[in-house]
Amino acid sequence: MTTAQKQLQIPGEIAIEIRKMNKWYGQFHVLRDIDLTVARGERIVICGPSGSGKSTMIRCINRLEEHQSGDIIVDGTELTNDLKNIDKVRSEVGMVFQHFNLFPHLTILENCTLAPIWVRKIPKKQAEETAMHFLTKVKIPDQALKYPGQLSGGQQQRVAIARSLCMRPRIMLFDEPTSALDPEMIKEVLDTMIELAEEGMTMLCVTHEMGFAQAVANRVVFMDQGQIVEQNAPKEFFSNPQSERTKLFLSQILGH
Amino acid sequence: MTDTSHLWVREEMLRPEPPPLREAGLVKWVRENLVSSPVNTLLTVAGLLVAVWGIWTAFPWWWHSVWNASSLGECREIVAAAGGESGACWAVIKARWHQFLFGFYPPEHYWRPILTGGLLFAALAPVLFWNDRKSAHMVGFAGIATLAALYAVSANSLAFAATAVIFAVIWVAASLRPASLIWVTGLFPFISIWLIWGGSFWNPVNQLLAIALGALVARVYYNNTSKWLNDAFALVIALAAAYVASVVIGYSDAISTDFFGKLREASFWQGFGQQSDNVFSMVFGALASVLVMALTAAIWLLLAITYVFSAVLNYNLADLAGLIWGETPPEWAGSAWAGMISLGALLAFALVFVAARNRSVVIGILAGLLAGGGWLLYQAPKMVTYMATDLPLTIAPVSSNMIGGFLLALIIGVTAIAASLPLGIMLALGRRSDMWLMKVLSVGFIEFIRGVPLITLLFTASLLLQYFLPPQTNFDLILRVIILAALFSAAYLAEVIRGGLAALPRGQYEAGDSLGLTYWQAQRLIIMPQALKISIPGIVSTFIGLFKDTTLVSFVGLLDPLRGVTTTVRADINWKGIYWEPYIFVGAIFFIICFGMSRYSMYLERKLKTDHR
Amino acid sequence: MAFATSRAEASKGGFRLSMLIYDTRFRAITLQVVALILFLLFIGWLTDNVIRNLDAKGKDINFGFLWVRAGYDIEQTLIPYTNDSSHGRAVIIGLLNTLVVAFFGCILATVIGVIVGVLRLSNNWLISRLMTIYVEIFRNVPLLLWILLTFVVISETMPAPAAFKITPAILESRAALEGIEAQAGGNGFWSRITGLQTLSLPFFLWLLALIGISASAWQYARSRLDAGKAALIAAIPAVLWIVAALTVFSPSLSPVLADSEASAIGPTEPAASKFFFDSIALTNRGTNVPAPLLDRPLGGTEIVSVPVNYSVLAVIAVIIVSVLANRSVIRRANKLQETTGTRPTTWWISLLILFLPLILLLVALGLHWEVPAFPVNDEGVSQGFNFRGGIQVMHSFTALLIALSLYTSAFIAEIVRAGIQAISRGQSEAAAALGLRPGRTMKLVILPQALRVIIPPLISQYLNLTKNTSLGIAVSYLDLRGTLGGITLNQTGRELECMLLMMLIYLTISLIISSGMNAFNSAVKLKER
């Protein structure tokens, strides 16, 4: 494992650096000695069995969960207990959730302009222009005045992506963005994500969509029991898995 | 398999036919809704019995209603002359309706509460409909109703003209831009207090000026881009905080010396243990003594810690003072509390300075409050007297004990409801807070208020509040009652809102966090709008409960419509012995208002639901 | 872990003051310390004000008045009390009066509320509408109005005790009436039928009831039998109803005599009569109800001046033992069902266990009822000014009880309705699909789920009812509020002590009730796992 890590070359500027990060829920050791470095523009897919801590890990990156030891440096800002740092990181990092978490009492447009107006202090008009720009990009500009409840799951998830993009984040986190969706809607969300990846966005994506991983990822990270077991370029990862756990996992999800 | 065929094809489609007679029309309805089973038949007949009996006995009474009479005796004569056994004597309502509605408010000033009522609807319009054309219609209706009511009380032409102009202006504004009505809502509290209690017009103007000043200060604090200005601002606020802290700590010094001295010599426990002639009183006395001793011990412990702390400080400070001032340090450095004062002031200064430099929300609000409050305390009285000599825009003052009837119920109800909503939200947030102390304080307050009857709280307002306020403070009984009523309904609202908060999925909080919103921004923009929407039925029923409970103010000597006014009316020699009519009248008005509110909340619930599906 | 954090953080530079506010570890502590200081200052300020105000008025805090002679009378007391008793005892009397109203109010409100709530869900259009009207009217009008109205109506419309008296004039008229009746050929069944007043309200109601009873009986019989037999069966209750009505209610249905003859001889009955088998008298002074008396009481004693009646204790003990015994019977039946699959019939054993011992005990004690009545002299003329014997219940109590339970029952009805509606239709359909009969479905599937929804709000309604008893002051009912917060407070002038003690007592009651609720909630939660 250590040799594999050493072989990985991290090119260019560093976007996220995680060093020796540990986290416990009570007595339960959820994340154990996580080391991960992400370069700017890199697209990383994180996979692993359920309960392996992959969601927890990316939630630590924007401090939705608190880590108890180790360092996380996001975009040059270290995540400590300092509220100002936390706010800074959160406004630079966009996040897309499994259950969309759109604000049901606001229209699509208001969902997208809320944070730019209140966090970035952008004039309303300008925020709306930006929002329309990104809504057009995710191909739902005509739904702007509807409420989230009136949209399909796939549309809602695309709105959630647009909402994050409106903050002009430098990093995007995806927490199982397609697992709450019906099969026919998965594709529209993945298309949007692929488009985003092609524009060079730094992305961390927890997903089981192996097709997506093969298409866009620079690197696949496999986690189990709260630790990173294997990471590799997608081609090698799928064709030539090293660890027994990885082999077992891949056989299970690709088996049928 | 080959010779038997299962093939069958319909040659011609059947047309729909009407159901048999038993399954349609009135017969079906009766069969399904009245006599579907033996038990149902029996129930239907029992219901019919009740309904028939009720109508049969009540109908003659309503039929023989008398509207014009000067006394109950006259009523009875008229009914007897018409050949009825009993009849309703609505003449009492006709003679006394103004007391039921306004109490003893001077009749020539009835236009003032009526105008206030009309403006209340105009002020409610943006809350109910927000940016909708409907609010203009509502203003229009309110205006027409107000004018009609003014006509009914035969108000003077000046009041007529003023009302017409005011409503015309508001209506035009609402038609052009419905959202502008929010200004009416903002101005309403000040105007309404002035209209009802009377006095100088410069009072509400001054209150508004204070608010404008506060808002301006807060705005300048938030929105200035100059770092230098921000630092200067922080410095000023921090200095003010240090000053306030030193005053407060100095005051607490005075309290503690006074307080503990008094407590030591208090005859607090003398009552217990006396006359302990039986087991019961001895047990009671012992329990009470233990309680008092525990309390005293806790306070002493706190005091001891404080004393040790300040003594250490004092020693250091005295040394320091000796270094600076030589052998005779100034008096303030000698006192044990002086150390506390300096330390507290320093700490307050530092904390506030740090927070203020970072444009903290709380500091902004505090600064605004300080500026506005300062204006009200120091500048406003001067201005009122100054303006009153040059331009006395004064209407006749009306004292609180003249206000009664439904006017009083509405004043207390509406004010307490409006005040309790923000308080209830704060308590609900406190109860869900991660901070132990906030939680304990909120839970303690909520459970205490919910554990005692409202009536005891009202008695607290009328009897005890004077003990808890500095000597010689005395303010209006209505205001005291409103404060206690607001605290009461805030505790209930807090529980309702807590339910709404608990019903929100965690994802909403997380989404707010991940977008970088602060706690208060997330609460205001995301959590509260949804939580309040979920809790609308509960909130409205709390409001209905509070409105019904306004009748209890009669127990502290206010003239509520139910007990206060009705008792007055029934004590009149002309109307002695009358009971159904006034109670039905008052009950009907309460029913209309409360039933209307509950139906409105159901409508709102449905509407909000369909909006988002 | 905490150590690990602080070490990790400490290594990254020293402590800055801004960390007190902008560091997640210290922020909460800072805010709480500030809040604590402000809170303590607030409390100190209040206490200081109290001390200074008391000083200014020359008062102190002293509960000694509780042992001083009260000097006022309380009309309705559960334990002995005279105006020589202490204020402390008056407080206890008040507390007991509060609890008595609350106790009976809760029972009555629950009974009415459950009936109304269930009927509101019935598919009978008329009944559900009537119940809706009931609920909406009582919910949307202040409780105080109901209390005042009930009190005024029962005290102003009820006759004076004198109206129940049998005067010599009445006796004369009776003699005259007997003569006329003898002439007319007696007071027979036939004369009652011919004398039916077919245009009166009682007759109309009676006819309606007759139609209802026969129709319902017919419907029931027809679902099981053919038309002929069904008609025969339906006729039985109808005939019974006619006979019963003509014999029991005859005076209002068919006065035997024509008006002119009756008016000539004057009234033959007192202006007012007792009802419920001539046992309860409603007067403008109060409600006179029979008192239970024992021929062979077990005696009693006094514990710390509170009288303890052994007979009452015995009754309570027997009831508890019966209930426990009944429980074990049911448990055995359950066990039997679990092992053999069939459930023994236990309802009559239960009935026997529950009621037989109690009846035996009461017979042994010689229970009989002392009916309130006027003493009568040899000729049968009533003497005195008021009823003798029995218990006179104050109108303030009756009015408070009726108004409280009607008002609260409207809320309980809504709770019951919502609770039953909360159980989805799917649940009863699933139970029906499994072949459970409707009764079993209710008991095994619907009720356990509905109760979980119903009971917490129900208990908070009980709490409300208990607190609302304090409105008894409106009709001068001397409950806790009336004694401690009313007369005692006014007599001693100790507002602070009285109000504090009163709030403390109410708070204790509330906390006891709500802790009961919490216990229930956690018990239910355990079952969920």
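Engineer: Please set out the overall build of chain C residue by residue, giving values where relevant.
Structural biologist: Along chain C, the regular secondary structure elements total 19 helices and 7 strands. Scored against the burial criterion, the 529 residues of chain C give a buried share of 40%. Excluding contacts between residues fewer than 6 apart, the proportion of contacts in chain C whose partners are at least 24 apart in sequence is 68%. Accessible area of chain C: about 28,400 Å², with a carbon and sulfur share of 67%.

Engineer: Tell me what's going on with the sheet that holds strand S6 (residues 93-96) of chain A, and back it up with residues and numbers.
Structural biologist: Residues and elements named next belong to chain A. With mixed pairing, the 6 strands of this open sheet are ordered in space as S6-S7-S8-S3-S9-S10. Every other strand in the sheet has two partners, leaving S6 and strand S10 (227-232) as the edge strands with one partner each. The sheet shows a mean angle of 20° between the axes of neighbouring strands, taken without regard to direction.

Engineer: Tell me about the interface of chain C and chain B, residues and numbers included.
Structural biologist: Contacts between the two partners involve 92 residues from chain C, matched on the other side by 92 residues from chain B. For the pair chain C and chain B, the number of links is 2 salt bridges. Among the ionic pairs, Glu156 of chain C bridges to Arg570 of chain B, the shortest N-O distance being 3.1 Å. In this structure, the connection of chain C to chain B is made through 20 residue pairs in polar contact (both at pLDDT 80 or more). No other element matches the 22 residues that helix H3 (residues 24-57) of chain C contributes to the side of chain C that touches chain B. Of the residues assigned to the side of chain C that touches chain B, the class counts are 58 nonpolar, 22 polar and 12 charged.

Engineer: Go over the interface of chain B and chain A with me, naming the residues and quoting the values.
Structural biologist: With 23 residues of chain B in contact, the opposing surface of chain A contributes 24 residues. Of the roughly 2,100 Å² buried between chain B and chain A on both sides combined, carbon and sulfur atoms contribute 58%. Connecting chain B to chain A are 2 salt bridges. One salt bridge in this structure joins Arg90 of chain A and Asp513 of chain B, with 3.9 Å as the shortest N-O distance. Counting across the chain B and chain A interface gives 6 residue pairs in polar contact (both at pLDDT 80 or more). Elements that contribute at least two residues to the side of chain B that touches chain A include exactly helix H19 (506-514), helix H20 (519-534) and helix H23 (580-612) of chain B.

Engineer: Give me the pattern of salt bridges: which residues, what numbers.
Structural biologist: All names here are of chain A. Tallied over the full model, the rule gives 32 salt bridges over all chains. Residue Glu92 pairs with Arg120 through a salt bridge whose shortest N-O separation is 3.9 Å. Linking Glu92 in helix H3 (residues 83-92) with Arg120 in the loop between helix H4 (108-118) and helix H5 (124-137), this pair joins segments that are 28 residues apart in sequence.

Engineer: How would you summarise the nonpolar core if you had to cite specific residues and measurements?
Structural biologist: Most often, soluble globular proteins have nonpolar side chains that are buried together. Ranked by internal contacts, the top residues of the largest apolar core, which has 220 residues, are Ile16, Ile46, Met57, Ile58, Val74 and Leu204 of chain A together with Ile403 of chain B. Sequence-distant contacts of Ile46 of chain A, that is, excluding residues within four places in its chain, are made with Lys54, Met57, Ile58, Leu204, Cys205, Val206, Thr207, Val221 and Met223 of chain A. Of all hydrophobic cores here, the second largest spans 46 residues; its members include Leu102, Phe134, Met172 and Leu196 of chain A.

Engineer: Any chance you could break down helix H8 (residues 182-197) of chain B for me, citing the residues and the numbers?
Structural biologist: All names here are of chain B. Taking 1.5 Å per residue, 16 residues should reach 22 Å; H8 reaches 24 Å between its end C-alpha atoms and fits that length. Where H8 is buried, its residues contact helix H5 (111-129), helix H7 (157-176), strand S1 (199-200), helix H9 (202-223), strand S2 (394-395) and helix H15 (405-431). Positive backbone phi, approximately 75°, marks Gly198, located one or two places after H8.

Engineer: Please set out the sheet that holds strand S2 (residues 28-39) of chain A residue by residue, giving values where relevant.
Structural biologist: Residues and elements named next belong to chain A. Taken together, the 4 strands give an open sheet; going across it, the order is S2-S1-S4-S5, and neighbouring strands pair in antiparallel fashion. Each end of this open sheet is capped by a strand with a single partner; those strands are S2 and strand S5 (77-78). Pairing of strand S4 (residues 69-74) with S5 involves 2 bridges; the strand directions are antiparallel. Looking at the pairing, Val74 lines up with Thr77 of S5. Across the sheet, helix H2 (residues 54-61) lies against strand S1 (14-25), S2 and S4, angled at about 120° from S1, the strand it touches most.

Engineer: Let's hear about the confidence of the model for chain C: which residues, and what values?
Structural biologist: Confidence along chain C averages 81 in pLDDT terms, with 88% of residues attaining 70 or more. Every residue in residues 1-11 of chain C scores below 50 in pLDDT, and together they form 10 contacts with partners more than four places removed in sequence or on other chains.

Engineer: Explain the pairing of strand S7 (residues 171-175) of chain A to me, using residue names and the numbers behind them.
Structural biologist: Residues and elements named next belong to chain A. For S7, a buried count of 5 out of 5 residues is recorded, marking the element as mostly surrounded by other parts of the structure. The two faces of S7 match: Ile171, Leu173 and Asp175 on one face and Met172 and Phe174 on the other face are all buried. Bridge analysis of S6 against S7 gives 4 bridges, and the strand direction is parallel. Bridge pairing in S7 places Val93 opposite Ile171. One crossover worth recording links S7 to the parallel strand S8 (residues 202-206) by way of helix H7 (residues 183-198), and it is right-handed.

Engineer: Help me get a handle on the state of the cysteines, residues and values and all.
Structural biologist: According to the stated counting rule, one finds 1 disulfide over all chains in the structure shown. Between Cys75 of chain B and Cys89 of chain B runs a disulfide, and the two sulfur atoms are separated by 1.8 Å. Between Cys75 of chain B and Cys89 of chain B, the S-S dihedral sits near 70°, and the bridge is therefore right-handed. Of this pair, Cys75 of chain B sits in helix H3 (residues 72-81) while Cys89 of chain B sits in the loop between H3 and helix H4 (91-102), placing them 14 residues apart in sequence. As far as the burial class goes, Cys75 of chain B and Cys89 of chain B line up, both buried. For the unlinked cysteine Cys112 of chain A, the closest cysteine sulfur is that of Cys166 of chain A, found at 4.5 Å.

Engineer: Lay out the packing of helix H4 (residues 87-120) of chain C against helix H15 (residues 395-422) of chain C with the relevant residues and their values.
Structural biologist: Residues and elements named next belong to chain C. In contact at an axis separation of 6 Å, H4 and H15 are set at 40° when each is read in the N-to-C sense. Classified by the angle between their axes, H4 and H15 sit oblique to one another. Where H4 crosses over H15, the handedness of that crossing is right-handed. Residues of the contact of H4 with H15, tallied by class, amount to 18 nonpolar, 7 polar and 3 charged.

Engineer: Any details on the side chain of Arg59 of chain A? Residues and values, ideally.
Structural biologist: With respect to the element layout, Arg59 of chain A can be found in helix H2. Each residue touching Arg59 of chain A, except ones within four places of it in the same chain, is listed here: Leu64, Glu65, Met95, Phe97 and Asp175 of chain A together with Arg506 and Glu510 of chain B.

Engineer: Pulling in residues and values, what's your account of the packing of aromatic side chains?
Structural biologist: Residues and elements named next belong to chain B. Counted by the stated rule, this structure contains 30 aromatic pairs over all chains. Pairing Tyr221 with Tyr222 gives two aromatic rings, centres 5.2 Å apart and planes at 45°, and the pair type is tilted. For Tyr221, a relative accessible area of 0% gives the class buried. Note on Tyr222: relative accessible area 29%, which makes it partly exposed. Relative to Trp520, the ring of Tyr519 lies with its centre 5.1 Å away and its plane at 85°, an arrangement referred to as edge-to-face. Using a relative accessible area of 45% as the deciding quantity, one classes Tyr519 as partly exposed.

Engineer: I'd like a rundown of the confidence of the model for chain A, residues and numbers included.
Structural biologist: In low-pLDDT segments, the atomic positions of the prediction should not be examined closely. Confidence in the prediction of chain A, expressed as mean pLDDT, is 87, and 95% of residues score 70 or more. Ignoring residues within four places in sequence, the model shows residues 1-8 of chain A, a span with pLDDT below 50, making 5 contacts including any to other chains.

Engineer: Could you give an account of a positive patch on the surface, with specific residues and numbers?
Structural biologist: Residues and elements named next belong to chain C. Together, Arg343, Arg437, Arg440 and Lys443 line one region of the surface with positive charge. Checked against the element boundaries, Arg440 lands in helix H17 (residues 438-468). The exposure class assigned to Arg440 is partly exposed, which follows from its relative accessible area of 39%.

About the thresholds
Residues numbered from 1 in each chain as written. Chains lettered and ligands numbered in written order. Predicted model: local features only at pLDDT ≥ 70, side-chain atom pairs only at ≥ 80, totals over all residues. Heavy atoms only, no water. Helix = DSSP H or I, 4+ residues; strand = E, 2+ residues; numbered from the N terminus. Buried < 20%, exposed > 50% of the residue type's maximum accessible area, 1.4 Å probe, protein only. Contact = heavy atoms within 4.5 Å. Areas by Shrake-Rupley, 256 points an atom, 1.4 Å probe, with all protein chains shown as cover. Pairing = 2+ DSSP bridges. Axes fitted to C-alpha atoms, helices over the stretch in contact; angles between N-to-C directions. Salt bridge = Lys/Arg side-chain N within 4 Å of Asp/Glu carboxyl O. Polar contact = N/O pair within 3.5 Å; in protein donor to acceptor, adjacent residues only side chain to side chain. Nonpolar A, V, L, I, M, F, W, Y, C, P; charged D, E, K, R; others polar. Buried area = accessible area lost by both parts, 1.4 Å probe. Core = buried A, V, L, I, M, F, W, Y, C linked by side-chain atoms within 4.5 Å. Expected span 1.5 Å × (residues − 1). pLDDT = per-residue confidence, 0-100. Right-handed = clockwise from strand over helix to strand, strands pointing away. Disulfide = S-S within 2.5 Å. Parallel < 35°, antiparallel > 145°, perpendicular 65-115°, else oblique. Left-handed = near helix turned anticlockwise from the far one by under 90°. Phe/Tyr/Trp six-rings, centres within 6.5 Å; stacked < 30°, edge-to-face > 60°. Patch = residues over 30% accessible without salt bridge, like charges linked within 9 Å, V, L, I, M, F, W, Y side chains within 5 Å. Lys, Arg positive; Asp, Glu negative; His and termini not counted. Charge placed at Lys NZ, Arg CZ, Asp CG, Glu CD.

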